[in-house]
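Residue strings, one per chain:
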Amino acid sequence: MKPLLLSHFTVTSCIGKGLMQTLDALRQCRKTLKPCDFETVDLSTFIGEVEGVNDVKMHAGMTEYDCRNNRLAQLGLEQDGFSEAVNAAAAKYGHDRIGVFLGTSTSGILETELAFRHRDITTGALPEDFIYNKTQNTYSVTDFTRQYFKLAGPAVVVSSACSSSAKVFSVARRMIEAGLIDAAIVGGVDSLCLTTLYGFNSLGLLSTQACRPYDITRDGISIGEAAAFALLERPSADIDNDAILLLGIGESSDAYHMSSPHPDGLGAKIAMQQALQSANLDPSDIDYINLHGTATLSNDAAEAKAVSAVFNNPVPCSSSKGATGHTLGAAGAVEAVICALALQHGLIPSGLNTQEVDTELNLDYRLENQQLALKHVMSNSFGFGGTNCSLIFGLAGSLGVAN
Amino acid sequence: MTTKLTAYIEGIGLIGPGLNDWASGRQILAGQQPYQSAKTIIPTPELLPAAERRRASNIVKLTLATSLQAIVEAGLQDENLPSVFSFSNGDGLNCHTICEMLASDDREISPTRFHNSVHNATAGYWSIATKTMATSSVLCAYDASFGAGLLDALTQVTVDGTRCILMASDTPYPEPMFSKRPIPDNCGIALVIAPQQSEKSIAQIQVSLTHDEAFKFTDAVLETLRIAIPSARGLPLLQLIAKGQANSVVLDYLDDLRLRVEVKSC
């Protein structure tokens, strides 16, 4: 594939609002997952909650979109000068030449969960102020973002569970290469709700502790929430040495089971191999892998088998989910931004909470931060229904793309 | 707005109110048979094993049935086809049941109900049923879902030079959600789209973005259907293919952006 420039990016999760707080938290190995005190949820588990989401006020003219997911989206868009960067791109290319492609798994379902509690006692009707299409509908967060910037280009939500906001990079790549647009907002937003907390509990996949990816005693996930965005454009001739490029994308389906990964990680292996192929790179070129690493027994085992099958030599790797929790449909975009920070700051971030790495998984899983110049990194995202996506990012300067 | 994406349709699937399959639907859309609205009949999903057939929700059954029509017409049963799924809502009944349980004192939703709640559940069942390990693009754009799916499928076909199957489907919510999102019935369209002309090609399509107004059916009943169910916004394209004459049509997409499709028979 032709490389694409991440000209701006930002992330907001429980470890911080914006890049500076996020980088600082990664450097300090800050632990922010906490015992679940969300809404009326009575489950013994840990969550990654973004502080202040309920205090976000939707802008004038956007109040119909008011729900936790869009509040989190607005909070995320207003970090790191991202909004200004989008507005500048719209001025440069035209409002109809910028696409919006975001990933989410639950959108504003919390709003519907609450509306069901407030059904009319006699008629069963939902409250009049519940606005389905602006809040619950899966497309709502892209609609909100498109209206927020008054953009007029193509737009869609990708909702493929935990690979959603990795796969949006693929949608954007094709739209730009097809010549339909010049730039795209890509990213993901997912917020805490009862459906995912009780749903993952029903599957027996919630840890009662802060999640411990790749630990020998790992026992499940911690659910988090996040908003992460990137502005994708064709790289110009004069990009900086530390600019981040999207170099490769690989996608596959497991064709195996609705909620369990292929036990040998066959789909994951195909996604990683295709990503390397599309970036025209060898496995030995990858300096760090941000694993999907959810901390469930079967997911980590399947991913480890796939990584071992693709990479002959051990590659430094870790999962960010010990820090941020599993942010579900936002995870791919969150981890893409963490990969960008890792490249720009020469940081291999350690996996948090893990005490003893499961040696049977045979990976170079890092429990301590390391400063090391990185050229290429891979980010893995694998979802329910067996949907897989691997992304490869690199520094422009180390690739001879920049001047 | 001048970019045109060119591709070839090789197979079509259609199930909706009064439209039982593409073979009979094309006669209705071509004006050879009158259109009579009737409740959608979702056939047995032959792609699924017996146990799964019984448990499958309407959106899974509908999508697999339309997909099978298109795949059989294109003669592609064993191909590892990349796919695009575009649903304006997902499985409304499952969503309703989860929200109802979460509003009650007993919040113990079943694992099956939860994994069926993901928007890509149908894509998962489809890939398992067809043993397809190629990528699935699983999309939602509310009322623009058909257009969004068509555009994404066309970028796969034209940029990556691959065949692709688009499946756009919608199913109703029960009350009380129905009052907020009144989709009256099930409707699905599937298209097998290819980058090059072959002996299987039915029609060539060229798609570009436009600000022009979307086409409206003169038949009031068909027009009501087109507006009421998002996947039915693709029916004007199917009508041009059914008529077999070179022509163009503007399909509905986002509020201020639409798709012009130029159609030529092959």
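Keep in mind that this is a model prediction, so the values were computed, not measured.

### A word on the overall build of chain A
Piece 1. In terms of helices and strands, chain A carries 12 helices and 17 strands.
Piece 2. Relative to the globule expectation of 22 Å for 403 residues, the C-alpha radius of gyration of chain A, 20 Å, shows essentially globular dimensions.
Piece 3. Expressed as lengths along the three principal axes of its C-alpha atoms, the size of chain A is roughly 65 × 50 × 40 Å.
Piece 4. If you sum the accessible surface of chain A, you get close to 13000 Å²; carbon and sulfur atoms cover 47% of it.
Piece 5. If you average the places of the 27 positive and of the 43 negative side-chain charges in chain A, the two averages end up 3 Å apart.

### Let's talk about the packing of aromatic side chains
Piece 1. Tallying each qualifying case throughout the model produces 14 aromatic pairs over all chains.
Piece 2. Where Phe-215 of chain B meets Phe-217 of chain B, the ring centres are 5.4 Å apart and the plane angle is 85°; that geometry is what we call edge-to-face.
Piece 3. By relative accessible area, Phe-215 of chain B is classed as partly exposed at 29%.
Piece 4. Looking at Phe-217 of chain B, the relative accessible area reads 6%, which means it is buried.
Piece 5. Ring pairing ties together the aromatic residues Tyr-65, Phe-144, Tyr-148 and Phe-149 of chain A, which thus form one cluster.

### Section: the interface of chain B and chain A
Piece 1. At the interface, 59 residues of chain B touch 67 residues of chain A.
Piece 2. At the junction of chain B with chain A, the criterion picks out five salt bridges.
Piece 3. The partner of Glu-100 of chain B in a salt bridge is Arg-119 of chain A, with the nearest N and O atoms 3.6 Å apart.
Piece 4. For the pair chain B and chain A, the interface holds 24 residue pairs in polar contact (both at pLDDT 80 or more).
Piece 5. Looking at the side of chain B that touches chain A, the elements with two or more residues in it are α4 (92-102), α5 (111-115), α6 (121-130), β3 (136-140), α7 (145-160), α8 (177-180) and β7 (247-254) of chain B.
Piece 6. Among the elements that make up the side of chain B that touches chain A, the one with the highest residue count is α7 of chain B (seven residues).
Piece 7. Grouping the constituent residues of the side of chain B that touches chain A by class yields 31 nonpolar, 18 polar and 10 charged.
Piece 8. One ladder, built from two bridges, connects strand β6 (residues 155-158) of chain A with β3 of chain B; its direction is antiparallel. The partner of Val-157 of chain A across the bridge, within β3 of chain B, is Cys-140 of chain B.

### Examining the pattern of salt bridges
Residues and elements named next belong to chain A.
Piece 1. Enumeration over the complete set of coordinates arrives at 31 salt bridges over all chains.
Piece 2. Linking Arg-234 and Asp-182 is a salt bridge whose minimum nitrogen-to-oxygen distance equals 3.0 Å. With a gap of 52 residues between them, Arg-234 in the loop between β9 (226-233) and β10 (244-253) and Asp-182 in the loop between α7 (164-178) and β7 (183-190) connect regions that are remote in the sequence.
Piece 3. The salt bridge involving Lys-321 is made with Glu-335; its shortest N-O contact spans 2.8 Å. Of this pair, Lys-321 sits in helix α11 (residues 321-324) while Glu-335 sits in helix α12 (residues 331-345); the two residues are 14 residues apart in sequence, bridging distant segments of the chain.
Piece 4. Overall, the relative accessible area of 0% leaves Lys-321 in the buried class.
Piece 5. With a relative accessible area of 1%, Glu-335 lands in the buried category.
Piece 6. Among the charged side chains, a salt-bridge network with shared partners connects Lys-34, Asp-37, Glu-49, Arg-68 and Glu-225.

### Section: the packing of helix α2 (residues 68-77) of chain A against helix α6 (residues 140-148) of chain A
All names here are of chain A.
Piece 1. Two elements in contact, α2 and α6, have axes separated by 10 Å at closest approach and are oriented at 40°. Here α2 is positioned oblique relative to α6, judged by the angle of their axes. As for how α2 packs across α6, the hand of that crossing is right-handed. The residues of α6 that touch α2, namely those facing Asn-69, Asn-70, Ala-73, Gln-74 and Leu-77, are Ser-140, Val-141, Phe-144, Thr-145 and Tyr-148.
Piece 2. Class assignment for the residues of the contact of α2 with α6 results in five nonpolar, five polar and no charged.

### Observations concerning the sheet that holds strand β4 (residues 46-48) of chain A
All names here are of chain A.
Piece 1. The strand order across the open sheet formed by three strands is β3-β4-β8, and the pairing between neighbours is mixed. Each of the sheet's edge strands pairs with one partner strand only, and the pair in question is β3 (34-35) and β8 (223-224).
Piece 2. As judged from the two bridges shared by β4 and β8, these two strands associate in the parallel manner. Residue pairing across strands places Ile-47 opposite Ile-223, the latter belonging to β8.

### Description of the environment of Gly-332 of chain A
All names here are of chain A.
Piece 1. By secondary structure assignment, the location of Gly-332 is in helix α12.
Piece 2. For Gly-332, a relative accessible area of 0% corresponds to the buried category.
Piece 3. For the pair Gly-332 and Gly-48, spaced 284 residues apart in sequence, the C-alpha to C-alpha distance is 16 Å.
Piece 4. Among residues more than four places away in sequence, those in contact with Gly-332 are Ser-165, Ala-166 and Ser-381.

### Some points on the UniProt feature "domain: Ketosynthase family 3 (KS3)" (unreviewed entry) in chain A
Piece 1. Mapped onto this numbering, the UniProt entry gives "domain: Ketosynthase family 3 (KS3)" (unreviewed entry) at residues 1-395 of chain A.
Piece 2. Measuring from the first to the last C-alpha atom of residues 1-395 of chain A gives 16 Å, for a span that is 32% helix and 21% strand.

### Things to note about the pairing of strand β6 (residues 203-210) of chain B
Residue and element names in this part refer to chain B.
Piece 1. By the criterion of burial, β6 is predominantly enclosed, with eight of the eight residues buried.
Piece 2. Here β6 shows no split at all, with Ala-203, Ile-205, Val-207 and Leu-209 on one side and Gln-204, Gln-206, Ser-208 and Thr-210 on the other all buried.
Piece 3. Of the pairings in the sheet, the one linking strand β1 (residues 5-15) to β6 comprises five bridges and is antiparallel in character. Counterpart to Ile-9 in the pairing with β6 is Ala-203.
Piece 4. The pairing of β6 with strand β8 (residues 257-265) spans eight bridges and is classified as antiparallel. Bridge pairing in β8 links Leu-209 to Leu-259.

Calculation rules
- Residues numbered from 1 in each chain as written.
- Chains lettered and ligands numbered in written order.
- Predicted model: local features only at pLDDT ≥ 70, side-chain atom pairs only at ≥ 80, totals over all residues.
- Heavy atoms only, no water.
- Helix = DSSP H or I, 4+ residues; strand = E, 2+ residues; numbered from the N terminus.
- Rg over C-alpha atoms; globule rule 2.2 N^0.38 Å.
- Areas by Shrake-Rupley, 256 points an atom, 1.4 Å probe, with all protein chains shown as cover.
- Lys, Arg positive; Asp, Glu negative; His and termini not counted.
- Charge placed at Lys NZ, Arg CZ, Asp CG, Glu CD.
- Phe/Tyr/Trp six-rings, centres within 6.5 Å; stacked < 30°, edge-to-face > 60°.
- Buried < 20%, exposed > 50% of the residue type's maximum accessible area, 1.4 Å probe, protein only.
- Contact = heavy atoms within 4.5 Å.
- Salt bridge = Lys/Arg side-chain N within 4 Å of Asp/Glu carboxyl O.
- Polar contact = N/O pair within 3.5 Å; in protein donor to acceptor, adjacent residues only side chain to side chain.
- Nonpolar A, V, L, I, M, F, W, Y, C, P; charged D, E, K, R; others polar.
- Pairing = 2+ DSSP bridges.
- Axes fitted to C-alpha atoms, helices over the stretch in contact; angles between N-to-C directions.
- Parallel < 35°, antiparallel > 145°, perpendicular 65-115°, else oblique.
- Left-handed = near helix turned anticlockwise from the far one by under 90°.
- UniProt positions renumbered as here; feature names shortened; annotations may be inferred.

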